[in-house]
Amino acid sequence: MIPFSLEMPRAIHFGTGARSRLPEAVRELAAGEPRPRVLLLTGARWLDRSPWSPSLAQALSGFTVQSVHCRPGEPTVSTVDQAARAAADFRPDLVVAIGGGSVLDTAKAVSALVRFPGSAERFLEGFAGSQSVPGPGVPWIAVPTTSGTGAEATRNAVIKAEAAGVKRSMRSRHLLAHTVLVDPELTVSLPPKVTGTSGLDALTQLVESYVSRASTPPVRSLVRGAFAGMWEALQGLASAPADIALREKASYGSFISGVALANAGLGAAHGFAAAVGGAYDVPHGLACAVFLPHVLEANRDVIRRDIAELLAACPALDAADPVESLGAGVRRLLGAYGLPADLKRFGIPSGAAAELAEKSSGSSMRGNPRELSPDERAAILAQVI
C-alpha cells in the first residue's frame, strides 16, 4: 500500500446547529481560566448582519471578548500584521474565527504571530530567507460561514504580499485549528454569487486534489464520497438557496476539499488563480472555476480515468467523455450563478500572460498531474484573460 499521512484539526463537529458547541469548545481550550480571554475575528459586515448574530453573541457571553473585524477582501501582509498587533495588545487565551476563508486564514496567521511577534511576511513560502513557524501558536476555533475554501481544515494561510504582487502561503501544521464547527445553517444567507464562487472553489479543490501527483488512497476515498453531493448542491442552490439539505452537502464538500488539499495538494487551476489574484483584484473562487475547464483539457491524457471515477456517481454528467463533460458542466454552473466564463472584464493586459505564467509556479502547480511548459501556461492564460 502507498504510504500516507493525514493532518487534520483535532476536533471536528459537523451538522446543523453545530454552532451551539462553541461555549463548550472555548472552555475546553481555556481549561483553568475562570473567564477566558477570547479574540473574536469576523468579517467586516457578516456577523453584524447575520440572523445568527444574537445566538453567537450569547454563546460567548460568559467570556472576555475582544472583536477584530477583518477588512474586506483577501488577507494581505499589512492587514494580517495589523490584526496581529490588535490581538497581541489583548493577550488572548484563544482565537475564535467566524467567517469565510479570508477570516479563517487571517486567524491562522494571527494565532502564530501573537506567540511569535513580527511580520507575517517572514513566514511566507517562496521568498529568500523565509522562516518556518517555530511552534504552536495561540489555539483557535474555526466556524466557517461559507462553503468554499475549506480553510477550516487546512494548515496554510494564503496571504497577498502587496509589494511583490503575489500570493504566498504561510504553511505549518502548527496553524491547524484545534476545533472546527461546521454549521450549514450559517451559509443559508449567502448571496448567490458568493455561493457560486465559493462552491466552485471547493469543487475545484476536490477535483485537483483527486488527480494531484501527491494524492493518496485516503484522500481519494474522501473526495469520491463528497464530489457527487457537492455537484448536486451547486446545481440546486442556484434556484433553491434556502434548501438546508443542499447547504449540508455543500458544507460537507467544502470541508472535505480542505482536508484533501491539505494532504494531497492541488493543481494548475489554483496555480493560475494565485498568480492572477496576486497581481489583480480577481476573486479567488471565480478564477479557480474559470481556469478549471482549461486545465482539465491540458491534463486530459493523464486524468481521463480518474475523472471518470468521480463522475460515476453523477448522472447529470456524461461519462463517455468525462473530461469534456466536467469542463462543460463547470461552465454551465458559472452561468447558473451569473458568473463569467473568463476573466476579460478584470482589465488584465493581454500581454501579461508570460509574466503570469512565470508567477504561477508554486506548490499548487507542482501538484498538477503533469508538467505544463511555460508556453502551455501562457497559452491557457491568454485564453482566459
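First, a word on what this report is: a plain description of the structure on this page. (Residues numbered from 1 in each chain as written. Predicted model: local features only at pLDDT ≥ 70, side-chain atom pairs only at ≥ 80, totals over all residues. Heavy atoms only, no water.)

**A look at the overall build of the chain**
Link 1 in the chain: Regarding its fold elements, the chain presents 15 helices and eight strands.
Link 2 in the chain: Here the C-alpha radius of gyration of the chain, 20 Å, is about what a compact globule of 385 residues would show, namely 21 Å.
Link 3 in the chain: If one aligns the C-alpha atoms of the chain with their principal axes, the spans along those axes are about 60 × 45 × 45 Å.
Link 4 in the chain: Here the chain, with 385 residues, has 56% of them falling under the buried criterion.
Link 5 in the chain: Taking all contacts inside the chain whose residues are at least 6 apart in sequence as the whole, residues at least 24 apart take part in 80%.
Link 6 in the chain: Here the chain contributes 37 positively and 35 negatively charged side chains, and the mean placements of these two sets differ by 3 Å. (Helix = DSSP H or I, 4+ residues; strand = E, 2+ residues; numbered from the N terminus. Rg over C-alpha atoms; globule rule 2.2 N^0.38 Å. Buried < 20%, exposed > 50% of the residue type's maximum accessible area, 1.4 Å probe, protein only. Contact = heavy atoms within 4.5 Å. Lys, Arg positive; Asp, Glu negative; His and termini not counted. Charge placed at Lys NZ, Arg CZ, Asp CG, Glu CD.)

**Concerning empty space enclosed by the protein**
The gaps left among the atoms become clear once a water-sized probe is rolled over them.
Link 1 in the chain: On inspection of all chains with the given rule, the structure shows four cavities of 30 Å³ or more.
Link 2 in the chain: Its volume calculated, the largest cavity comes out at about 50 Å³.
Link 3 in the chain: V207, E208, V211, G267, L292, V295, L296, N299, I303, N368 and P369 together form the lining of the largest cavity.
Link 4 in the chain: At the level of elements, α6 (192-211) and α10 (284-298) are the ones that each hand at least two residues to the lining of the largest cavity.
Link 5 in the chain: The residue makeup of the lining of the largest cavity, split by class, is seven nonpolar, three polar and one charged. (1 Å grid on protein atoms, 1.4 Å probe; cavity = no way out; pocket = protein on both sides within 12 Å on 5 of 7 lines; lining within 4 Å. Points joined across faces, edges and corners; volume = space filled by probe spheres on them. Nonpolar A, V, L, I, M, F, W, Y, C, P; charged D, E, K, R; others polar.)

**Concerning the nonpolar core**
Link 1 in the chain: Formed by 103 residues in total, the largest nonpolar core has its most connected members in L41, M170, F227 and L326.
Link 2 in the chain: Apart from residues lying up to four places away in sequence, L41 is in contact with V68, C70, V95, V96, A97, I98, V103, T106, A107 and V110.
Link 3 in the chain: The next biggest cluster of nonpolar side chains, apart from the first, holds 20 residues, and it includes A25, L60, F63 and I98. (Core = buried A, V, L, I, M, F, W, Y, C linked by side-chain atoms within 4.5 Å.)

**Section: the side chain of D201**
Link 1 in the chain: Summarising the element assignment, D201 is placed in helix α6.
Link 2 in the chain: Among buried charged residues, D201 stands out as having no salt bridge; its nearest opposite-charge side chain is K167, 8.8 Å away.
Link 3 in the chain: Setting aside its immediate chain neighbours within four residues, D201 contacts G148, T149, H270, H284, G285 and C288. (Salt bridge = Lys/Arg side-chain N within 4 Å of Asp/Glu carboxyl O.)

**Quick notes on the layout of surface pockets**
Link 1 in the chain: Volume-wise, the second largest pocket comes out at about 300 Å³.
Link 2 in the chain: Contributing to the lining of the second largest pocket are 13 residues, with R10, P136, R173, H174 and L176 lying nearest its centre.
Link 3 in the chain: By residue class, the composition of the lining of the second largest pocket is eight nonpolar, three polar and two charged.

**Comments concerning a nonpolar patch on the surface**
Link 1 in the chain: A contiguous nonpolar surface patch, about 520 Å² in accessible area, is contributed by M1, F4, L6, M8 and I12.
Link 2 in the chain: Along the polypeptide, M8 turns up in the segment before β1 (11-14).
Link 3 in the chain: Judged by its relative accessible area of 38%, M8 falls in the partly exposed class. (Patch = residues over 30% accessible without salt bridge, like charges linked within 9 Å, V, L, I, M, F, W, Y side chains within 5 Å. Areas by Shrake-Rupley, 256 points an atom, 1.4 Å probe, with all protein chains shown as cover.)

**As for the side chain of T216**
Link 1 in the chain: For T216, the position within the fold is in the loop between α6 and α7 (217-237).
Link 2 in the chain: Since its relative accessible area comes to 7%, T216 is described here as buried.
Link 3 in the chain: The residues touching T216, leaving out its near neighbours within four places in the chain, are P3 and F4.

**A few points about the pattern of salt bridges**
Link 1 in the chain: One pass over the full model with this rule turns up 16 salt bridges.
Link 2 in the chain: Taking the shortest distance from any N to any O, the salt bridge between E371 and R213 comes out at 3.5 Å. Placement of E371 in the loop between α14 (363-366) and α15 (374-384) and of R213 in the loop between α6 and α7 is noted, with a sequence separation of 158 residues between them.
Link 3 in the chain: A salt bridge links E232 to K249; its shortest N-O distance comes to 2.7 Å. In this pair, E232 sits in helix α7 while K249 sits in helix α8 (residues 244-264), placing the two residues 17 residues apart along the sequence.
Link 4 in the chain: Classification of E232 as partly exposed rests on a relative accessible area of 36%.

Nothing here speaks to function; it is geometry throughout.
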